[in-house]
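Commentary on secondary and tertiary structure
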Number of protein chains: 2
Amino acid sequence: MTGIDPSVVRSLPMFEQLSDDELSRLLASATLRRVPVGKAVFEQGQPSTHFFLLLHGRLKVTQVTPDGQQIIVRVVHPGDIFGFAKALQRDDYPGTPLAAAESLVVCWPTEVWGTLIEQIPSLAINAMQTIGQRLQEAHTRLREMATEEVERRLAHAVLRLIERAGRQESTGVRIDFPISRQDLAEMTGTTLHTVSRILSAWEALGLVTGGRQKLLVRDAEGLRALAEDGT
Amino acid sequence: MTGIDPSVVRSLPMFEQLSDDELSRLLASATLRRVPVGKAVFEQGQPSTHFFLLLHGRLKVTQVTPDGQQIIVRVVHPGDIFGFAKALQRDDYPGTPLAAAESLVVCWPTEVWGTLIEQIPSLAINAMQTIGQRLQEAHTRLREMATEEVERRLAHAVLRLIERAGRQESTGVRIDFPISRQDLAEMTGTTLHTVSRILSAWEALGLVTGGRQKLLVRDAEGLRALAEDGT
DNA sequence: CGCGAGTTTGAGGCTGTTCAAAGAGGGTGG
DNA sequence: CCACCCTCTTTGAACAGCCTCAAACTCGCG
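Residues numbered from 1 in each chain as written. Chains lettered and ligands numbered in written order. Predicted model: local features only at pLDDT ≥ 70, side-chain atom pairs only at ≥ 80, totals over all residues. Heavy atoms only, no water.

Some remarks on the interface of chain A and chain B
So the rule is basically this: Whether two residues are in contact is decided by their heavy atoms, any of which lying within 4.5 Å being enough. Here the buried area means the combined drop in accessible surface, using a 1.4 Å probe, for two parts upon being joined, counting both sides. The working definition used for a salt bridge is a side-chain nitrogen of Lys or Arg within 4 Å of a carboxyl oxygen of Asp or Glu.
Residue-level contacts link 28 residues of chain A with 28 residues of chain B. The contact between chain A and chain B buries some 3,400 Å² in all, and 68% of this surface belongs to carbon and sulfur atoms. When the area that chain A buries against chain B is broken down by residue, the three leading residues are A:Met128, A:Leu142 and A:Arg143, summing to 20%. At the junction of chain A and chain B, the tally comes to 0 salt bridges.

Overview of the nonpolar core
Using the following cut-off: For our purposes a nonpolar core is just a set of buried Ala, Val, Leu, Ile, Met, Phe, Trp, Tyr and Cys residues, chained together by side-chain atoms within 4.5 Å. Buried residues are those whose accessible area, probed at 1.4 Å on protein chains only, stays under 20% of the maximum for their type, while exposed residues exceed 50% and partly exposed ones sit between those limits.
If you look at the biggest cluster of nonpolar residues, it comprises 64 residues, and the most contacted ones within it are A:Phe15 and B:Phe15. Not counting the four nearest positions on each side in its chain, A:Phe15 is found in contact with A:Val9, A:Arg10, A:Leu26, A:Leu53, A:Ile81 and A:Leu123.

Topic: the packing of helix α4 (residues 121–147) of chain B against helix α5 (residues 150–165) of chain B
In a packed pair of helices, the relevant descriptors are the angle between the two axes and the axis-to-axis distance. All names here are of chain B. Quick note on the threshold: Only the stretch in contact is used when fitting a helix axis, every axis being a line fitted to C-alpha atoms; angles between N-to-C directions are given from 0 to 180 degrees. Where helices and strands are cited, they refer to DSSP runs of H or I of at least four residues and of E of at least two residues respectively, numbered from the N terminus. Orientation labels follow simple angle bins: below 35 degrees gives roughly parallel, above 145 gives roughly antiparallel, 65 to 115 gives roughly perpendicular, and whatever is left gives oblique. Here a crossing is taken to be left-handed if its near helix is turned anticlockwise relative to the far helix by less than a right angle, and right-handed if that turn runs clockwise. Throughout, the ten residues Ala, Val, Leu, Ile, Met, Phe, Trp, Tyr, Cys and Pro are labelled nonpolar, Asp, Glu, Lys and Arg are labelled charged, and all others, Gly among them, are labelled polar.
At a minimum axis distance of 10 Å, the contact between α4 and α5 shows a crossing angle of 155°. Here α4 is positioned roughly antiparallel relative to α5, judged by the angle of their axes. Note on packing geometry: the crossing formed by α4 with α5 is right-handed. Here Glu 137, Thr 140, Arg 141, Glu 144 and Met 145 of α4 lie close against α5, whose contacting residues are Arg 153, His 156 and Arg 160. Classifying every residue of the contact of α4 with α5 gives 1 nonpolar, 2 polar and 5 charged.

Considerations on the pairing of strand β2 (residues 50–64) of chain A
All names here are of chain A. Condition: At least two DSSP bridges between two strands are required for those strands to pair.
Among the 15 residues of β2, 12 are classified as buried, and the element is accordingly described as predominantly covered. Note: β2 against strand β5 (residues 96–109), 11 bridges, orientation antiparallel. Looking at β5, one finds that Thr 62 is bridged to Thr 96. Here β2 runs beside strand β3 (residues 70–76); their pairing, made up of 6 bridges, is antiparallel. Paired with Lys 60 across the two strands is Val 75, which belongs to β3.

Some points on the pattern of salt bridges
Residue and element names in this part refer to chain A. Counted by the stated rule, this structure contains 24 salt bridges over all chains. Of the charged contacts, one joins Glu 144 and Arg 160 as a salt bridge, the two residues approaching to 3.0 Å between their closest N and O atoms. Taken together, the residues Glu 144 in helix α4 (residues 121–147) and Arg 160 in helix α5 (residues 150–165) connect sequence positions 16 residues apart. Glu 144 gets classed as buried once you look at its relative accessible area, which sits at 5%. One network of salt bridges, with partners in common, ties together Arg 167, Glu 169, Arg 174 and Asp 176.

What to know about the protein's contact with DNA strand D
What counts here: In these notes, residues near a molecule or strand are those with any non-hydrogen atom within 4 Å of it. Under the rule applied, a polar contact is a pair of N or O atoms within 3.5 Å (in protein, one hydrogen donor and one hydrogen acceptor; residues adjacent in sequence only if both atoms are side-chain atoms).
Near DNA strand D lie 19 residues; those nearest to it are A:Thr190, A:Thr194, B:Arg181, B:Ser196 and B:Arg212. Note that a base nitrogen of DNA strand D is positioned 3.1 Å from one of the side-chain N or O atoms of B:Arg197. Taken together, the elements giving at least two residues each to the surface near DNA strand D come down to α7 (192–204) of chain A together with α7 (192–204) of chain B. Here the surface near DNA strand D is built from residues that sort into 2 nonpolar, 11 polar and 6 charged.

Some points on the relation of the copies chain A and chain B
The line we're drawing: In superposing the copies, a least-squares fit is computed on C-alpha atoms, taking residues whose pLDDT is at least 70 in both.
Rotating chain A by 180° and translating it 0.0 Å along the rotation axis places it on chain B, where the RMSD comes to 0.0 Å. In short, the pair behaves as if placed about a two-fold rotation axis. In terms of proximity to the rotation axis, the leading residue of chain A is A:Leu135, whose C-alpha is 2.6 Å off the axis. By residue overlap, the copies meet face to face through one surface: 100% of the interface positions of chain A are interface positions in chain B.

So, in structure tokens, the structure goes:
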């Protein structure tokens with residue numbers, strides 16, 4: 001036993017169809033790890049020795065270019081698996097997952113991946129669907145980057161965030177982890193200056209309320225209209 | 001029998017490890033289809049009834065935005081499988097694969113996907129690796145779109161093309177299928193005008209030789225230098 | 001309370017788009 | 001076989017969105 005609560009893992013969509021037996025087999029080879037804010041679960045370029053499941057918290061996956069520029073490739077939400085580079089025939093991790101909030105991850109050695117998907121075929125199918133969705137999201141973002149201007153891209157990014165990380169509040173939907181203007185810029189391929197200007201404009205329109213590493217969406221419908229037709 | 005030559009399929013990396021028995025089972029449910037230049041194998045939004053393997057030719061996978069803008073999400077090369085949306089829990093195709101050159105595709109009904117990967121586990125692993133590579137390429141392009149200017153993005157796109165579709169000629173490497181300035185623009189998120197200007201500049205530098213739907217890379221190293229450090 | 005990280009806002013300049021028009025290649029039909 | 005036409009390509013000029021540079025401001029933590 002590793003101190004991981006099976007019922008917590010079971011409650012995740014990815015694992016809900018597993019039997020008690022399968023689940024305990026899965027957790028037998030797992031370890032638990034706490035990741036403080038600002039720390040990385042692993043570093044881009046390191047050999048891919050483990051794959052992971054995010055139980056709690058939030059991770060920003062960054063990629064750094066040879067010349068030092070950084071972008072956020074995606075955000076890992078609780079319940080997501082990540083870092084299974086080895087399953088994708090890579091020997092090193094393609095990005096760095098940084099904890100945006102205090103996080104809790106389950107770790108498996110990559111060696112068990114093969115035996116796991118053999119023993120638990122539904123897991124393989126789930127994993128494939130997960131990558132498929134990720135690929136589609138990547139294509140969607142590519143299309144946005146190619147055809148939309150910054151304001152609409154930012155609107156789409158914020159809408160995606162409240163979909164996966166939104167917490168209802170009295171005055172709107174809050175993004176439930178610390179996120180800076182710089183982060184939003186790295187998600188949309190622009191600068192923090194432009195993000196700041198656009199958010200200021202949105203605030204004047206009553207669409208959002210800003211704050212230091214905070215964002216509250218007051219009018220999701222208004223934002224969606226802006227994202228869709230550019231109104 | 002469907003008239004598909006097993007040895008042709010066997011020669012593809014994706015299927016090379018299959019036994020004769022597995023291969024004939026695979027081809028039993030398949031049909032062959034010829035796709036003329038300019039025609040689509042299927043249309044974006046259609047129900048995903050089949051998945052495919054490109055035997056010969058070249059496909060440009062396009063996505064159209066609600067407001068009519070178009071981008072090229074990726075290029076399908078011979079040996080690639082495509083259109084397996086159903087395996088990724090989608091009921092419709094996310095894009096439209098257009099034949100850039102006369103093409104030949106193998107078609108399977110989506111129903112056989114499940115039984116196939118059960119019977120031939122290596123196929124499931126291959127498929128997963130394939131999607132994984134595609135995801136990485138998408139992330140790479142996202143990073144380029146976010147951080148690089150048009151000229152470097154175009155250089156990267158051309159280098160990727162000669163990697164998968166390059167044919168050695170006496171004076172350089174030719175891109176082995178008809179590709180227009182418009183196509184290159186839709187791959188790099190710019191306009192055909194800008195692509196034309198950049199190619200003209202490259203031609204003046206002796207890096208490439210252009211032509212109507214033609215491109216010959218005379219100095220791949222020079223292009224790579226330009227793509228890497230922007231020299 | 002002071003410091004540092006994050007944010008806001010302005011001004012100017014550059015890259016790339018938009019609009020416009022002319023030129024060239026290649027296929028087709030007479 | 002040639003002329004025509006359609007599509008693709010080239011090039012120019014003006015404009016615009018966004019970035020860069022710069023500086024001030026503010027929130028929150030130690």
